[in-house]
Amino acid sequence: MSFQQIGVIGAGQMGRGIAQVMATAGYELVLVDLSENALHMALSVIESSLTKLQDKGLIEERPSAVLGRIRCETSMNVLADCDLVIEAATENEEIKNKIFKQLDELCKPDAILASNTSSLSITRLAATTSRPDKVIGMHFMNPVPVLALVEVINGLRTSAETTEKVVEAAKRAGKEPIPVKDKAAFVLNRILLPMINEAIFALDEGCADVEQIDSIMKLGASHPIGPLALADLIGLDTCLSIMNVLYENFGDSKYRPAPYLRQMVDAGYLGRKSGRGFYEY
């Protein structure tokens, strides 16, 4: 393997999913989060997920063997020896810039720094470091253990060698890496989020209720999950952040975030992770 040890920053929904698939692929992994509770929860969720996969015959190793390759820490200093660090923190550019500056100082010179950002510029993130050629986007899909796609985003100065190594790592993890250009929200979310946003407009205008809108898209467009349920899964704060990025970058009114989406986020109704969004959990 090109990478001997991988670091993942953030033990939330995306970070723990990335940790699971990378450890399942045989990588030694360090999962870092400021919250010990988040780390404990992450291990519990990963163990449960691995057990279900084993029961279905989808993995051969015992969950305990995979978990044995995951080390949890609250300090970023442990990332100094990692060959690849994947940042999966909240979708906030200021926070991500701060993390990348820290990683640039902490990590060895040849380490690759990747971001799981769903919309932010890799070129700008790379510019906060002294190694822009070794900064790249690895946008995993949610839920990470289930969905195959990884958007691989090259910044303006990302090297071909960096891309090659990251593509190889994604393939070893059983994913389908697809290269995309460093444009606002990349490809998937540039197409997906305006659809979700339009569903929220339709809801707010009283065209139909939540269940009806989701049923219409499932029955009429063969979507496996309705747009409002999907928004809850993604996180309404993340949906709003992505729409803001699209609107700010293109200045086109078609990307204007639905006012009701802003109101939901202001109310703390963020979807599954908060227990309430368009549905209650």
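Residues numbered from 1 in each chain as written. Predicted model: local features only at pLDDT ≥ 70, side-chain atom pairs only at ≥ 80, totals over all residues. Heavy atoms only, no water.

A.B. asks: Please clarify how the side chain of Thr-158 should be interpreted in this entry.
C.D. replies: Secondary-structure assignment places Thr-158 in the loop between strand E7 (149-154) and helix H6 (160-172). At a separation of 2.7 Å, a polar atom in the side chain of Thr-158 contacts the main-chain carbonyl oxygen of Val-135. Among the polar contacts listed, one links the side chain of Thr-158 to the backbone nitrogen of Gly-155, at a separation of 2.7 Å. Thr-158 has contacts with Pro-132, Asp-133, Val-135, Ile-136 and Thr-163, leaving out every residue within four places of it along the chain. (Helix = DSSP H or I, 4+ residues; strand = E, 2+ residues; numbered from the N terminus. Polar contact = N/O pair within 3.5 Å; in protein donor to acceptor, adjacent residues only side chain to side chain. Contact = heavy atoms within 4.5 Å.)

A.B. asks: Looking at this structure, how should I read the environment of Val-78?
C.D. replies: Structurally, the position occupied by Val-78 is in the loop between strand E3 (70-73) and strand E4 (84-87). Classification of Val-78 as partly exposed rests on a relative accessible area of 21%. Taking the C-alpha atoms as reference points, Val-78 and Ser-64, 14 residues apart in sequence, are found 22 Å from one another. Here Val-78 is in contact with Val-30, Val-32, Arg-71 and Glu-73, once residues within four sequence places are set aside. (Buried < 20%, exposed > 50% of the residue type's maximum accessible area, 1.4 Å probe, protein only.)

A.B. asks: Any chance you could explain a positive patch on the surface here in plain terms?
C.D. replies: Together, Lys-181, Lys-183, Arg-190 and Lys-254 line one region of the surface with positive charge. Topologically, Lys-183 is positioned in the loop between strand E8 (176-181) and helix H7 (188-204). (Patch = residues over 30% accessible without salt bridge, like charges linked within 9 Å, V, L, I, M, F, W, Y side chains within 5 Å. Areas by Shrake-Rupley, 256 points an atom, 1.4 Å probe, with all protein chains shown as cover. Salt bridge = Lys/Arg side-chain N within 4 Å of Asp/Glu carboxyl O. Lys, Arg positive; Asp, Glu negative; His and termini not counted. Charge placed at Lys NZ, Arg CZ, Asp CG, Glu CD.)

A.B. asks: For this particular structure, what's the right way to read helix H11 (residues 259-266)?
C.D. replies: It helps to recall that an α-helix has 3.6 residues per turn; residues three or four apart then point in one direction. Buried residues of H11: Leu-261, Met-264 and Val-265, and no others. The buried side chains of H11 occupy one side of the element, clustering within an arc of 95 degrees when seen end-on. Every exposed residue of H11 that faces more than 90 degrees away from the buried side is listed here: Gln-263 and Asp-266. Here the buried face of H11 lies against H7 and helix H10 (236-250). (Arc of directions from axis to C-beta.)

A.B. asks: Can you walk me through unusual backbone geometry in this structure?
C.D. replies: What is expected of a backbone is that most residues other than glycine have negative phi and most peptide bonds are trans. Of note, the bond from Asn-142 into Pro-143 is cis; its omega dihedral lies within 30 degrees of zero at 5 degrees. The residue Pro-143 is located in the loop between strand E6 (135-140) and E7 in this model. Even without glycine at this site, Ala-185 takes up a positive phi of about 65 degrees. Along the chain, Ala-185 falls in the loop between E8 and H7. Its identity as a non-glycine residue notwithstanding, Phe-186 has a phi of 60 degrees, on the positive side. Inspection of the secondary structure assignment puts Phe-186 in the loop between E8 and H7.

A.B. asks: Looking at this model, I keep getting lost on the packing of aromatic side chains. Mind explaining?
C.D. replies: Aromatic ring pairs are defined here through the distance separating the ring centres and the angle between the ring planes. Here the structure, examined in full by the defined rule, presents 2 aromatic pairs. For the ring pair Phe-250 and Tyr-255, a centre distance of 5.4 Å and an interplane angle of 35 degrees mean the geometry is tilted. Considering the side-chain rings of Tyr-260 and Phe-278, the 6.3 Å spacing of their centres and the 55 degrees angle between planes classify their relative orientation as tilted. Taken as a pair, Tyr-260 in helix H11 and Phe-278 in the segment after H11 lie far apart in primary sequence, 18 residues in all. Judged by its relative accessible area of 11%, Phe-278 is buried. The ring of Tyr-269 has Arg-276 lying over it, and the distance from NZ or CZ to the ring centre is 4.2 Å. (Phe/Tyr/Trp six-rings, centres within 6.5 Å; stacked < 30°, edge-to-face > 60°. Lys NZ or Arg CZ within 6 Å of the ring centre and 35° of its normal.)

A.B. asks: Explain the nonpolar core here, please?
C.D. replies: For soluble globular proteins, nonpolar side chains are generally found buried alongside one another. Ile-6, Met-22, Leu-31, Ile-86, Met-138 and Phe-140 are the most contacted members of the largest nonpolar core, which has 37 residues in total. Ranked by residues supplied to this core, first place goes to helix H1 (residues 13-24) with 6 residues. Beyond its immediate stretch of four places on either side in the chain, Phe-140 contacts Met-14, Ile-18, Val-21, Met-22, Ile-86, Asn-116, Leu-149, Val-150 and Lys-175. (Core = buried A, V, L, I, M, F, W, Y, C linked by side-chain atoms within 4.5 Å.)

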